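The residues making up each chain are set out below.
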Amino acid sequence: MKRTLLAAVAAGAVVVLPATSALAHVTVNPREATAGGYAKLAFRVPNERDDAGTTRLEINFPPEHPFGSVSVRPKAGWTYTKEEMTLTAPVKVHGEDISKVVTKVTWAGGTVNPGEFEEFEISLGPLPENADSLVFKALQTYNSGEVVRWIEEGGPGGGEVERAAPV
């Protein structure tokens, strides 16, 4: 009985620890979307510092899967910029060839204070048909000048990393 209880407690700890660490970085919701469709994504940005506010968020789109359409929901107190690149081979969106795509969206000008979080929303698509997941590398800048790079991808089998990118 003690072994069973100990095993149950240990298993519970394994489940709780990853969930706790997941709260400590930039995330994207929803976690799932339909391949070939469009999605509204919300990037949740918690402020993890007691002595500085988050004043900038940069979201980089996966270069191997360009999106034909990217729209940004305006956020009060923040401005945004979209960076584009010209593709070597155009992608088709609704029967039209698109040769310029957004590669990055950056929000600046507002503040996420200590102990608070904000969500930054975009609508994009079409989502690739040939990808099981998409990685959006994020950079979070504090008014202290510190930049936290949420860009690491999990290892084989989805291993945990210190500065995980939103997936």
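Residues numbered from 1 in each chain as written. Predicted model: local features only at pLDDT ≥ 70, side-chain atom pairs only at ≥ 80, totals over all residues. Heavy atoms only, no water.

Colleague: Is there a simple way to think about the environment of Glu48 in this case?
Modeller: With respect to the helices and strands, Glu48 occurs in the loop between strand E2 (39-46) and strand E3 (54-60). Classification of Glu48 as partly exposed rests on a relative accessible area of 26%. Spatially, the C-alpha atoms of Glu48 and Asn113 are 9.2 Å apart, while their sequence positions differ by 65 residues. (Helix = DSSP H or I, 4+ residues; strand = E, 2+ residues; numbered from the N terminus. Buried < 20%, exposed > 50% of the residue type's maximum accessible area, 1.4 Å probe, protein only.)

Colleague: What am I meant to see in the pairing of E3 here?
Modeller: Every other side chain in a regular strand lies on the same face of the sheet, so the side chains alternate between the two faces. With five of seven residues buried, E3 lies mostly within the body of the structure. Judged from the six bridges that link them, E3 and strand E6 (residues 96-112) form a sheet pairing that is antiparallel. Looking across to E6, one finds that Ile59 is bridged to Val105. Across six bridges, E3 lies against strand E8 (residues 137-142) in antiparallel orientation. (Pairing = 2+ DSSP bridges.)

Colleague: Just to check I follow, could you spell out unusual backbone geometry for this structure?
Modeller: Negative phi is the rule for most residues except glycine; trans is the rule for most peptide bonds. Each neighbour pair has its own omega, and for Asn29 with Pro30 the value is 5°, a cis peptide bond. Here Pro30 shows up in the loop between strand E1 (27-29) and E2. Look at the link from Gly125 to Pro126: it is a cis peptide, with omega at -15°. Along the chain, Pro126 falls in the loop between strand E7 (117-125) and E8.

Colleague: Can you help me understand the packing of aromatic side chains in this one?
Modeller: The relative placement of two aromatic rings is captured by the distance of their centres and the angle of their planes. Applying the stated rule across the entire model yields six aromatic pairs. Geometrically, the ring pair formed by Phe43 and Phe136 is edge-to-face, given 5.6 Å between the ring centres and 70° between the ring planes. Taken together, the residues Phe43 in strand E2 and Phe136 in the loop between E7 and E8 connect sequence positions 93 residues apart. The pair formed by Phe43 and Phe136 is uniform in burial state, with each residue classed as buried. Taken together through their ring pairs, the aromatic side chains of Phe43, Phe61, Phe67 and Phe136 make up a single cluster. The ring centre of Phe120 lies 5.5 Å from the NZ or CZ of Lys75, which sits over that ring. The lysine or arginine in question, Arg163, covers the ring of Trp150, its NZ or CZ lying 5.3 Å from the ring centre. (Phe/Tyr/Trp six-rings, centres within 6.5 Å; stacked < 30°, edge-to-face > 60°. Lys NZ or Arg CZ within 6 Å of the ring centre and 35° of its normal.)

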